[in-house]
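Take a look at the letters that make up each chain.
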Amino acid sequence: MSADFADPDVIRRLLDESRTWAFVGLGDAPSREVYNQARLMQRRGKRIIPVHPEAREVLGEKGYASLADVPAAAGVDVVGVYRRAEHAGQAVDEAIAAGAKAVWLPLQVIDEAAARRARDAGLDVVMDRCPAVEWSLRH
């Protein structure tokens, strides 16, 4: 994977300055890593938005079936793409269409073509990095 998608300045900015994270794949299963990451970001003062086909409330926040369903007024700063790599591109394209400012693909979710599309559309991109690990390295 290219180091182009692990810029320490971008990572720091997204962790420190973002306010709202939409988590694609966030359902109400506490055993899933996406749940743990969303809870962690919420505890660190971020608003989280669950995005899952079942559109359930998770961690006290209203869920949406897709990024397209999230109101623009929610002001999504970062879209965390917690889907298998073969499905990540679709989520990245939805993040671009929804007007997100950044996409974050966690460990082992690698789609360089999708990451380039996001960057070409003006989004910040982090790929193959864990928000919790990156937070602990910087705070």
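The structure reproduced in this document is the subject of the present report.

Conventions and cut-offs
- Each chain has its residues counted from 1, following the order in which its sequence is written.
- Under the rules for a predicted model, residues below a pLDDT of 70 receive no local features and side-chain atom pairs below 80 are neither given nor counted, while totals for whole chains, interfaces and linings still include all residues.
- Heavy atoms from the whole structure form the basis of all side-chain values; hydrogens and water molecules are not counted.
- Note on ring pairs: Phe, Tyr and Trp rings are taken, using the six-membered ring of Trp, and paired if centres are within 6.5 Å. Classes follow the plane angle, with under 30 degrees stacked, over 60 edge-to-face and the rest tilted.
- Each residue gets one of three labels from its accessible area relative to the maximum for its type: buried under 20%, exposed over 50%, partly exposed in between, using a 1.4 Å probe on protein chains only.
- Secondary structure is summarised from DSSP: a helix means a run of H or I of at least four residues, a strand means a run of E of at least two, and numbering begins at the N terminus for each.
- Within this scheme the basic residues Lys and Arg register as positive and the acidic residues Asp and Glu register as negative, but His and the chain ends are omitted.
- For salt bridges, the criterion is a side-chain nitrogen of Lys or Arg within 4 Å of an Asp or Glu carboxyl oxygen.
- Polar contacts here mean pairs of N or O atoms no more than 3.5 Å apart (in protein, one a potential hydrogen donor and the other a potential acceptor; neighbouring residues in sequence count only if both atoms are side-chain atoms).
- Residue contacts are counted whenever heavy atoms from the two residues lie within 4.5 Å of one another.

### Remarks on the packing of aromatic side chains
- Following the criterion strictly, the structure yields three aromatic pairs and no others.
- Where Trp21 meets Phe23, the ring centres are 5.8 Å apart and the plane angle is 20°; that geometry is what we call stacked.
- Taking relative accessible area as the criterion, Trp21 reaches 0% and is therefore assigned buried.
- Accessibility expressed as a relative area gives 0% for Phe23, which makes it buried.
- Aromatic pair Trp21 and Trp104: ring centres 5.6 Å apart, planes at 45°, arrangement tilted. Of this pair, Trp21 sits in strand β1 (residues 20-24) while Trp104 sits in strand β4 (residues 102-105), and the two are 83 residues apart along the sequence. Both residues of the pair, Trp21 and Trp104, count as buried.

### Things to note about the side chain of Asp111
- Looking at the secondary structure, you find Asp111 in the loop between β4 and α4 (112-120).
- The buried charged residue Asp111 lacks any salt bridge, with Arg117 as its nearest oppositely charged partner at 5.0 Å.
- At a separation of 3.3 Å, a polar atom in the side chain of Asp111 contacts the main-chain amide nitrogen of Ala113.
- Only 2.9 Å separates the side chain of Asp111 from the backbone nitrogen of Ala114, close enough to count as a polar contact.
- Here Asp111 is in contact with Ala85, Ala88, Gly89, Leu105 and Met127, once residues within four sequence places are set aside.

### Some thoughts on the pattern of salt bridges
- Going through the model one piece at a time under the given rule, you end up with nine salt bridges.
- Put simply, Glu54 and Arg56 hold a salt bridge, and the shortest N to O gap is 3.1 Å.
- Taking relative accessible area as the criterion, Glu54 reaches 47% and is therefore assigned partly exposed.
- What makes Arg56 partly exposed here is its relative accessible area of 42%.
- A salt bridge links Glu134 to Arg129; the nearest nitrogen and oxygen atoms lie 3.8 Å apart.
- Judged by its relative accessible area of 7%, Glu134 falls in the buried class.
- The exposure class assigned to Arg129 is partly exposed, which follows from its relative accessible area of 26%.
- It is possible to trace a salt-bridge network through shared partners that takes in Asp28, Glu54 and Arg56.

In short, shape yes, function no, at least from these values alone.
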